[in-house]
There are 2 protein chains.
Amino acid sequence: MASSKCTRLTEALSRPLLDSVDSVLFDCDGVLWRGDQAIPGASEVINSLKKSGKQVFFVTNNSSKTRQMYADKLGKLGFDASKDEVFGTGYCSAMYLKNVCKLDGKVYLIGSNAMRQELEYVGIQPVGVGPDPISGVQKDWANIPLDNEVRAVLVGFDEHFSYMKLNRALQYLCNPDCQFVGTNMDATLPLEGGKTIPGTGCILRSVETAAQRQAQVVGKPSNFIFECVASQFGLNPERCLMVGDRLDTDIMLGSNCGLKTLLALTGVSTVAEAEANQKSECPQRQKMVPDYYIESVADILPALQA
Amino acid sequence: MASSKCTRLTEALSRPLLDSVDSVLFDCDGVLWRGDQAIPGASEVINSLKKSGKQVFFVTNNSSKTRQMYADKLGKLGFDASKDEVFGTGYCSAMYLKNVCKLDGKVYLIGSNAMRQELEYVGIQPVGVGPDPISGVQKDWANIPLDNEVRAVLVGFDEHFSYMKLNRALQYLCNPDCQFVGTNMDATLPLEGGKTIPGTGCILRSVETAAQRQAQVVGKPSNFIFECVASQFGLNPERCLMVGDRLDTDIMLGSNCGLKTLLALTGVSTVAEAEANQKSECPQRQKMVPDYYIESVADILPALQA
């Protein structure tokens with residue numbers, strides 16, 4: 001079984017693979033675009049898949065945009081996409097707090113305005129967005145005024161993350177009844193030109209260390225983000241293909257949820273890393289072996305046009 | 001052997017223990033004081049030990065004060081102490097960068113003005129102290145101007161810690177030749193009244209996650225902080241007693257370095273935790289079992305005055 005995985009997706013293999021699925025879930029960054037540059041040919045693939053009757057979804061760990069902002073970016077780059085097809089961790093975290101946690105109260109949010117909007121959209125009131133400058137001394141920090149209606153701490157990407165926000169999260173999380181949710185664990189965000197900036201994982205680890213608690217993570221590879229799509233669109237996992245550039249998030253998600261998996265080599269992970277996982281004896285690493293890999297999603301196009 | 005450890009230090013046991021050592025190393029917070037309140041009787045113990053000819057050292061993971069600031073605080077609270085007897089992680093990190101790393105260049109410092117002073121005192125020029133407000137967009141953060149003389153990143157306690165500082169540390173640490181040092185891994189700082197605030201460990205974990213590298217940690221339980229004292233004063237580890245309130249830092253340091261160990265119950269750790277470690281089969285946890293425990297350091301006083 002293992003030996004048939006991690007196969008290069010040729011044109012001849014593409015057709016039966018596409019015939020075997022009804023829905024294709026795409027990671028965005030590193031698969032459809034890098035920064036603000038679309039991967040050449042990616043939009044034609046998405047648009048052809050939809051014309052051929054496949055359902056397409058955009059599944060991203062990025063929490064810094066609302067679904068609408070994502071749909072707008074997709075449209076601008078030539079992708080045929082609607083807001084309802086976008087599952088970002090801002091939106092999915094709001095759904096998680098509402099539907100799984102059944103939250104009755106406010107959220108202390110380490111995150112962006114986009115996350116605030118997604119929470120408000122489902123009727124949850126966030127507090128804490130924006131800068132939180134330091135003042136006073138240690139004793140003041142430990143006794144900082146808290147909002148007594150807060151029932152959860154949600155951590156996503158926040159460029160205003162600071163010691164004071166870390167401290168505020170700790171003071172809320174000292175209450176064991178306060179729920180603790182994170183959008184995703186990505187350590188870095190890759191940008192064009194091989195540079196990276198710190199990702200939400202750095203912020204979340206910091207809060208976890210302070211609170212000595214583990215957050216419930218909503219994004220890939222957590223099953224919840226797939227369940228969020230599957231429950232809204234009635235998906236059968238066996239008839240789904242997950243396409244991504246990261247073994248530890250995209251491919252792991254596919255393995256966790258029983259989806260077919262395809263690694264695109266336009267982003268973070270390499271075939272060598274996938275093969276090393278395949279050779280290892282570790283069950284966790286076996287989950288980070290894709291069924292197929294491909295240089296770029298654009299390489300599916302001939303199979304779609306034939 | 002293990003069964004003779006974790007013994008209550010009675011007055012009868014105190015005398016032979018004190019006779020068996022020449023030097024006593026004290027943790028400060030949770031042992032000699034809590035916040036700005038001295039533990040009653042602690043200063044009499046220190047002053048009597050010194051009168052009886054013992055060497056006394058103050059060994060703290062706190063990086064937010066210089067040796068002089070510590071000596072001043074000790075003096076104000078009634079302890080007979082000089083700057084040279086104080087080993088804080090600000091000072092020890094400076095010694096580490098100078099003597100172990102043989103640093104030839106500047107340091108990007110996530111830390112306090114006190115740390116800056118300790119570095120300058122040994123001839124190392126730090127950059128980065130103080131607030132570092134966010135501006136621009138992701139691409140600007142990845143291409144932030146760096147000081148090309150920086151050869152190390154040092155992380156200590158910094159109330160101005162922010163996303164921008166995390167990003168700047170990552171950009172320096174992308175260079176594998178850039179050294180990476182942390183003062184200590186304490187997750188929280190306990191204050192009076194049972195409250196806590198985030199400690200340096202939260203900041204350091206965040207930077208480690210971003211850089212996907214592990215820092216060399218200078219503070220307890222790293223051997224370096226003891227070696228720093230031992231090399232300056234010619235200490236024989238077997239003739240030293242480490243007194244602390246934390247199993248994971250103070251007692252672990254003593255075990256790592258072959259010192260006798262005494263847990264004072266005026267701070268973080270409990271006898272129950274020490275006993276649970278003693279019962280475990282885990283070699284790491286066995287290092288977190290003290291030779292002796294005592295309610296408060298003040299309880300040594302009768303043995304000293306007899």
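Residues numbered from 1 in each chain as written. Chains lettered and ligands numbered in written order. Predicted model: local features only at pLDDT ≥ 70, side-chain atom pairs only at ≥ 80, totals over all residues. Heavy atoms only, no water.

Asker: Can you walk me through the sheet that holds strand β2 (residues 23-26) of chain B in this structure?
Answerer: In sheet architecture, strand pairing relies on hydrogen bonds along the backbone and comes in two forms, parallel and antiparallel. All names here are of chain B. One open sheet accounts for seven strands, arranged β1-β16-β15-β14-β2-β5-β6; its pairing is parallel. Each of the sheet's edge strands pairs with one partner strand only, and the pair in question is β1 (7-8) and β6 (86-88). Relative to strand β5 (residues 55-60), β2 is paired through four bridges, and the arrangement is parallel. Residue pairing for β5: serine 23 is matched across the bridge by glutamine 55. (Pairing = 2+ DSSP bridges. Helix = DSSP H or I, 4+ residues; strand = E, 2+ residues; numbered from the N terminus.)

Asker: Just checking my understanding: could you explain the environment of serine 135 of chain A for this structure?
Answerer: All names here are of chain A. The topology assignment puts serine 135 in the loop between β8 (126-127) and α6 (138-142). C-alpha of serine 135 to C-alpha of arginine 8: the two residues are 127 residues apart in sequence and 57 Å apart in space. Once residues within four sequence positions are removed from consideration, serine 135 is found in contact with Trp141 and Met164. (Contact = heavy atoms within 4.5 Å.)

Asker: It is not clear to me how the relation of the copies chain B and chain A should be interpreted in this structure. Could you clarify?
Answerer: Here the two chain copies are tied together by a rotation about an axis and a shift along that axis. When chain B is fitted onto chain A, the two copies agree to an RMSD of 0.0 Å after a turn of 180° and an axial shift of 0.1 Å. Classification of the inter-copy transformation places it as that of a two-fold axis. In terms of C-alpha distance to the rotation axis, chain B has serine 162 of chain B as its closest residue, with the C-alpha 2.1 Å off the axis. Residue by residue, 100% of the interface of chain B is reproduced at the interface of chain A, so both copies engage with the same surface. (Least-squares fit on C-alpha atoms with pLDDT ≥ 70 in both.)

Asker: Help me understand the interface of chain B and chain A, please; the structure alone is not making it clear to me.
Answerer: Often the size quoted for an interface is simply the accessible area lost on bringing the parts together. Taken together, the contacts link 33 residues of chain B with 33 residues of chain A. Summed over both partners, the interface of chain B with chain A buries about 3,000 Å², with 66% contributed by carbon and sulfur atoms. Our count for the contact surface shared by chain B and chain A stands at 10 residue pairs in polar contact (both at pLDDT 80 or more). Of all the elements in the fold, those that place two or more residues in the side of chain B that touches chain A are α6 (138-142), α7 (163-173), β11 (188-190), β12 (196-198) and α8 (200-211) of chain B. For the side of chain B that touches chain A, the element with the highest residue contribution is α8 of chain B, accounting for seven residues. Its residues assigned to classes, the side of chain B that touches chain A shows 16 nonpolar, 12 polar and five charged. (Buried area = accessible area lost by both parts, 1.4 Å probe. Polar contact = N/O pair within 3.5 Å; in protein donor to acceptor, adjacent residues only side chain to side chain. Nonpolar A, V, L, I, M, F, W, Y, C, P; charged D, E, K, R; others polar.)

Asker: How do you make sense of the nonpolar core when you look at a structure like this?
Answerer: In globular proteins that are soluble, nonpolar side chains generally tend to be buried together. Of all hydrophobic cores here, the largest spans 62 residues; its most connected members are Val153 and Val207 of chain A together with Val153 and Val207 of chain B. Contacts of valine 153 of chain A, omitting those with residues within four sequence positions, involve Tyr108, Ala169, Tyr172, Leu173, Cys178, Gln179, Phe180 and Val181 of chain A. (Core = buried A, V, L, I, M, F, W, Y, C linked by side-chain atoms within 4.5 Å. Buried < 20%, exposed > 50% of the residue type's maximum accessible area, 1.4 Å probe, protein only.)

Asker: Where do I start with the environment of glycine 105 of chain A in this structure?
Answerer: On the secondary structure map, glycine 105 of chain A appears in the loop between α4 (89-100) and β7 (106-110). Residues glycine 105 of chain A and glycine 123 of chain A, 18 residues apart in the sequence, show an inter-C-alpha distance of 10.0 Å.

Asker: What am I meant to see in the pattern of salt bridges here?
Answerer: All names here are of chain A. Counted according to the given criterion, the structure contains 30 salt bridges over all chains. Ionic pairing is found between glutamate 149 and lysine 106, a salt bridge with its closest N-O pair at 4.0 Å. You can see glutamate 149 sitting in the loop between α6 and β9 (150-155) and its partner lysine 106 sitting in strand β7, a full 43 residues away along the chain. The class of glutamate 149 is partly exposed, set by a relative accessible area of 42%. Arginine 205 is the salt-bridge partner of glutamate 208, the closest N and O atoms lying 3.0 Å from each other. Highlighted residues: glutamate 208 and arginine 205, both in helix α8 (residues 200-211), separated by three residues, approximately one helical turn. (Salt bridge = Lys/Arg side-chain N within 4 Å of Asp/Glu carboxyl O.)

Asker: Which parts of the structure should I look at to understand helix α9 (residues 223-233) of chain B?
Answerer: Helical geometry note: an α-helix holds 3.6 residues per turn, so side chains three or four residues apart project in the same direction. Residues and elements named next belong to chain B. Residues of α9 that are buried include every one of Phe224, Ile225, Phe226, Cys228, Val229 and Ala230, and no others. Looking at the packing, one finds that the buried side of α9 touches β2, β5, β6, α4 (89-100), β14 (240-244) and α10 (247-257). The positive-phi residue at the C-terminal boundary of α9 is glycine 234, with phi of around 60°.

Asker: What's the story with the domain arrangement of chain A in this structure? I'm lost.
Answerer: Residues and elements named next belong to chain A. By the assigned domains, chain A splits into domain 1 (7-61 + 221-304) and domain 2 (101-217). Both faces considered, domain 1 and domain 2 share a buried interface measuring about 610 Å² in area, 42% of it formed by carbon and sulfur atoms. Contact with domain 2 buries area across many residues of domain 1, yet Asn61, Ser222 and Arg246 alone supply 55% of it, more than any other trio. Where domain 1 meets domain 2, there are one salt bridge. Taking the shortest distance from any N to any O, the salt bridge between arginine 246 and aspartate 186 comes out at 3.6 Å. (Domains from an automatic or database assignment.)

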